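# Geometric and topological summary
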Amino acid sequence: MNDHATALEEKIRANTARLGTIGLGYVGLPLSVEFAAAGLTVTGFDLAEDKVEAVNAGRSYIKDVAGDRVAALVGQGRLRATTDFEGLRSCDAVIICVPTPLGKTRDPDLSMVVEAARSIAERLRPGQLVVLESTTYPGTTEELILPLLTEGGMEAGEGFFLAFSPERVDPGNARFNTRNTPKIIGGVTPTCARVARALYAKAIETVIPVSSTRAAEMVKLLENTFRSVNIGLVNEVALMCDRLGVDVWEVIDAAASKPFGFMPFYPGPGLGGHCIPIDPLYLSWKLKTLNYRARFIELAGEVNSEMPEYVCERVAGALNEREKSVKGSTVLVLGVSYKRDVDDVRESPALDILRLLENRGARVGYNDPNVPQLQWNGATLESQDLLPAVRKADVVVIVTDHSAYRYAEIVDAARVVVDTRNATKGIQSPKVIKL
Ligand SMILES: NC(=O)c1ccc[n+]([C@@H]2O[C@H](COP(=O)([O-])OP(=O)(O)OC[C@H]3O[C@@H](n4cnc5c(N)ncnc54)[C@H](O)[C@@H]3O)[C@@H](O)[C@H]2O)c1
């Protein structure tokens, strides 16, 4: 029995453990709030002063996190934020939730993870637990983080503890949140896994240990590759159905009546968000270093990334039917966030669609109830007033099917609607063109 491990478990149990979270974004803020609500004292560390100020002022900037929850926890002294990383010294556990984007060459960019790990390594003291939550390729925790943390001479599983636990949060999901989404944990050693499990069990309803950090890293990539590949498949089925003159939405709905062996995925304008378009590339990159080509990932990536172009073709076809060209036409995009009811525009296919249409000479504009302004092409676009903009547009493209939209009203006001999400299901109108 490791004394440090036992002492940390006792602190967690007694609510005297201090937790640090590095990166207060879509993942880090909800996680910090959940742990603070469970009784720990949480400090969020971020480089972004505006986020730190917002948290300390009791404000939330993440749609799924209620502002009054943040305010109450800050008021009780259980949650605070800082840009001063010296405070990491006094933390008993530190969770890293910084971004893991792709670099210019579309290879993994782990610079922020490394920077965060260094900021811990410089201050690491005996008995601390470090957990990486950022999505990354299998091997990262052991190959990249472990060497940094052992530079001072302490051993993982003895002097300090190291684990990987992928974040699986689904922004905008009303049913599953940080607390009730089961958490996977893999430790560098069994003691590391044991301590990490004790920490997460404090705030998360179900904790599922796996045998290694590598397995835990792979779990997340399997989940997101599964989504990417199935979306790729169904996008290709949509292209097939178009040629066959069959309604792909009707086919999927009917297939989904099968109570076993089928899970519906839906076509759309392309992949978006911080996860599905990026994470599989972390896996294929790692496999490339092992002389293996991840063929499903490549193919799905190809099909999915061609969807914005396909949407533009449908827009051009719709205009052509009305004896108009894309050049000079007014096109209104409805919904620019990457999925329904969120305000996140990262990697959103709407950005590609706007760009492709503008390149063809269209006058583009957008409406999104969740995104009042959009930084795009070096300029700031404003969300236009919905119905006046719909009336003015030569064609309206539904890219993201927010639940706030009243689709019958939109179809009524529009000249023609290209619907990439089946948002107009049940509305019989010759004005609607579906993907
Ligand atoms: N957003 C999601 O839905 C989601 C879901 C599951 C997993 N993930 C993964 O979680 C990780 C974080 O994603 P996110 O969406 O929360 O990112 P985010 O961009 O919303 O937030 C990251 C935060 O980290 C901060 N940061 C960057 N470098 C830092 C450093 N060195 N020290 C301190 N703070 C730093 C940024 O200022 C930012 O506030 C990524 O690996 C992502 O793939 C995200």
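For the structure given in this document, a descriptive report is provided here. (Residues numbered from 1 in each chain as written. Predicted model: local features only at pLDDT ≥ 70, side-chain atom pairs only at ≥ 80, totals over all residues. Heavy atoms only, no water.)

## Looking at the packing of aromatic side chains
What counts, and what does not: The criterion for an aromatic pair is that two Phe, Tyr or Trp rings (for Trp, the six-membered ring) have centres within 6.5 Å, with stacked assigned to planes under 30 degrees apart, edge-to-face to planes over 60 apart and tilted to the rest. Each helix corresponds to a stretch of at least 4 residues labelled H or I by DSSP, and each strand to a stretch of at least 2 residues labelled E; elements are numbered beginning at the N terminus. For the exposure calls, accessible area comes from a 1.4 Å probe over protein chains only, and a residue counts as buried if that area is under 20% of its type's maximum, exposed if over 50%, partly exposed in between.
Considering all chains together, one arrives at 7 aromatic pairs under this definition. The interplanar angle of 65° and the centroid separation of 5.7 Å between the aromatic rings of Phe35 and Tyr200 together place this pair among those described as edge-to-face. With a gap of 165 residues between them, Phe35 in helix 2 (residues 28-37) and Tyr200 in helix 7 (residues 190-203) connect regions that are remote in the sequence. Overall, Phe35 belongs to the buried group, its relative accessible area being 0%. For the pair Tyr405 and Tyr407, a centre-to-centre distance of 5.8 Å together with 70° between the ring planes defines the contact as edge-to-face. Ring pairing ties together the aromatic residues Tyr137, Tyr282 and Trp285, which thus form one cluster.

## Things to note about the pairing of strand 5 (residues 129-132)
Within a regular strand, side chains alternate between the sheet's two faces. Stated precisely, the cut-off is as follows: Two strands pair under a simple rule: DSSP has to find at least two bridges between them. Seen with its strands pointing away from the viewer, a crossover is right-handed if its path from the first strand over the helix to the second goes clockwise.
Covered by surrounding structure in strand 5 are Leu129 and Val131 together with Val130 and Leu132, the residues of both alternating faces. Where strand 4 (residues 93-96) meets strand 5, 4 bridges bridge the pair, whose relative direction is parallel. For Val94, the partnering residue across the bridge sits in strand 5 and is Val130. Following the backbone out of strand 4, through helix 5 (residues 111-121) and into the adjacent parallel strand 5, one traces a crossover that is right-handed.

## Side note on the state of the cysteines
Note the following rule: By disulfide we mean two sulfur atoms from cysteines, separated by a distance within 2.5 Å.
One pass over the structure, following the stated rule, counts 0 disulfides. There is no disulfide at Cys192, and the cysteine sulfur nearest it, in Cys91, is 18 Å away. Overall, Cys192 belongs to the buried group, its relative accessible area being 0%. Counting only cysteine sulfurs, Cys97 is the nearest neighbor of Cys275, a cysteine outside any disulfide, at a range of 13 Å. By relative accessible area, Cys275 is classed as partly exposed at 29%.

## Overview of the site of the ligand
This is how the line gets drawn: Working definition: residue near molecule or strand if any one of its non-hydrogen atoms lies within 4 Å of it. N or O atoms closer than or at 3.5 Å make up a polar contact, with two conditions inside protein: a donor-capable atom paired with an acceptor-capable one, and, for residues adjacent in sequence, both atoms drawn from side chains. Only the protein chains shown count as cover for residues, and all accessible areas are computed by the Shrake-Rupley method using a 1.4 Å probe.
Taken together, 27 residues sit near the ligand, with Val27, Asp46, Lys51, Thr100 and Thr135 positioned nearest. Backbone polar atom of Val98 to an oxygen atom of the ligand: 3.5 Å apart, as the coordinates give it. With respect to the ligand, the side chain of His274 contributes an N or O atom lying 3.2 Å from an oxygen atom. Against a free-state accessible area of 830 Å², the protein chains account for coverage of 92% of the ligand.

## As for the packing of helix 8 (residues 213-244) against helix 12 (residues 307-321)
Worth spelling out the cut-off: In this analysis an axis means a line fitted to C-alpha atoms, helices contributing only their contacting stretch, and an angle means the value between N-to-C directions, from 0 to 180 degrees. Roughly parallel means an angle under 35 degrees; roughly antiparallel means over 145; roughly perpendicular covers 65 to 115; every other angle is labelled oblique. Left-handed describes a crossing in which the near helix is turned anticlockwise from the far one by less than a right angle; the clockwise case is right-handed. We call two residues in contact when some of their heavy atoms are within 4.5 Å. All residues other than Ala, Val, Leu, Ile, Met, Phe, Trp, Tyr, Cys, Pro, Asp, Glu, Lys and Arg, Gly among them, are scored as polar; the first ten of these are nonpolar and the last four charged.
Taken N-terminus to C-terminus, the directions of helix 8 and helix 12 make an angle of 25°; their axes are 12 Å apart at the nearest point. Here helix 12 runs roughly parallel to helix 8, going by the angle between their axes. The hand of the helix 8/helix 12 crossing is left-handed. Here helix 8 contributes Asn235, Leu239 and Asp242 to the contact with helix 12, which in turn contributes Met307, Tyr310 and Arg314. Of the residues assigned to the contact of helix 8 with helix 12, the class counts are 3 nonpolar, 1 polar and 2 charged.

## Here's the deal with the layout of surface pockets
The condition is simple: Buriedness for pockets is judged along seven lines, at least five of which must meet protein on both sides within 12 Å for an open set on the 1 Å grid over protein atoms alone, while cavities are sets there where a 1.4 Å probe fits but cannot get out, and lining residues have an atom within 4 Å of a point. Grid points are joined across faces, edges and corners, and a volume is the space filled by probe spheres set on the points.
The calculated volume of the second largest pocket comes to roughly 510 Å³. What lines the second largest pocket is a set of 28 residues, among which Arg106, Pro277, Leu281, Gly301 and Ser305 lie closest to the centre. At the level of elements, helix 10 (279-288), helix 11 (295-305) and helix 13 (349-359) are the ones that each hand at least two residues to the lining of the second largest pocket. In terms of residues, the lining of the second largest pocket owes the most to one element, helix 11, which gives 6 residues. Among the residues forming the lining of the second largest pocket, the class breakdown is 12 nonpolar, 8 polar and 8 charged.

## What about the side chain of Thr135?
Relative to the helices and strands, Thr135 resides in the loop between strand 5 and helix 6 (140-149). For Thr135, a relative accessible area of 10% translates into the label buried. If we ignore the near neighbours within four places in the chain, the residues touching Thr135 are Thr100, Lys220, Leu221, Asp279 and Tyr282.

In short, the description is geometric, and any link to function would need to be established separately.
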